[in-house]
Amino acid sequence: MLRRLAAALLFVASFPAQAQDREVPYWASMRADEVNMRVGPSESYPVEWVYHRANLPVKVVRLYQGWRRVRDQDGAEGWIVARLLSPERSAVVVGKGLAAMRAEGNAGAALRWNLEPGVVGKLGDCDAGWCELSVGPRKGWVEQKRLWGAGDP
């Protein structure tokens, strides 16, 4: 009986560690308004970039002891402490010119707003090349090809 109890406790205790190990790559977003990207996975490494935008999407490409190696939309890579990243999905508008935000996920749907490149929003579901996006109180559908952070990492 004692042996079974010890085995059960060991089994349950292993869950938190497993929950922290995600398969890379995966999408994440900045949790804070100011986030440092460092050249290595420790606060002793120099800061390479300072991001000043909460919810900015990044692609996590490597994990190391509480640090995440990430890639931003411009291809810059570096290390961010994991507590400053959120699993909430977001996306940033990319490309040239305005991106239409529509009432539904198709080109014929009513135009709600036009979004400039660089606008960041919370990402919802994507279907047939269109993604739900919330930018503050505004919600609608944007073509997936105009969003960095949508789709598979």
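Residues numbered from 1 in each chain as written. Predicted model: local features only at pLDDT ≥ 70, side-chain atom pairs only at ≥ 80, totals over all residues. Heavy atoms only, no water.

Notes on the environment of V120
Here comes step 1: For V120, the location among the structural elements is in strand β11 (residues 120-127).
Here comes step 2: Counting along the chain gives 63 residues from V120 to P57, while the straight-line C-alpha distance between them is 8.2 Å.
Here comes step 3: If we ignore the near neighbours within four places in the chain, the residues touching V120 are R53, N55, L56, P57, A91, V92 and V135. (Helix = DSSP H or I, 4+ residues; strand = E, 2+ residues; numbered from the N terminus. Contact = heavy atoms within 4.5 Å.)

Comments concerning the environment of G105
Here comes step 1: Checked against the element boundaries, G105 lands in the loop between β9 (99-102) and β10 (111-115).
Here comes step 2: Taking the C-alpha atoms as reference points, G105 and V142, 37 residues apart in sequence, are found 7.1 Å from one another.
Here comes step 3: Once residues lying within four places of it in the same chain are set aside, the contact partners of G105 are W130 and W141.

Observations concerning the side chain of R146
Here comes step 1: Tracing the sequence through the fold places R146 in the loop between β13 (138-143) and β14 (147-148).
Here comes step 2: Buried charged residue R146 carries no salt bridge. Nearest counter-charge: E143, at 6.4 Å.
Here comes step 3: A distance of 2.6 Å separates a polar atom in the side chain of R146 from the backbone oxygen of V94.
Here comes step 4: Within the structure, R146 has its side chain in polar contact with the backbone oxygen of L98 (distance 3.2 Å). (Buried < 20%, exposed > 50% of the residue type's maximum accessible area, 1.4 Å probe, protein only. Lys, Arg positive; Asp, Glu negative; His and termini not counted. Salt bridge = Lys/Arg side-chain N within 4 Å of Asp/Glu carboxyl O. Polar contact = N/O pair within 3.5 Å; in protein donor to acceptor, adjacent residues only side chain to side chain.)

Regarding the pattern of salt bridges
Here comes step 1: Inspection of every chain in the model, using the stated rule, returns 5 salt bridges.
Here comes step 2: The residue R83 makes a salt bridge to E43 at a minimum N-O spacing of 3.8 Å. One end of the pair, R83, is in the loop between β6 (77-81) and β7 (85-86); the other, E43, is in the loop between β2 (35-38) and β3 (47-51), with 40 residues separating them in the sequence. Residue R83 shares its accessibility class with E43, and that shared class is exposed.

These figures come from the coordinates and say nothing about function on their own.
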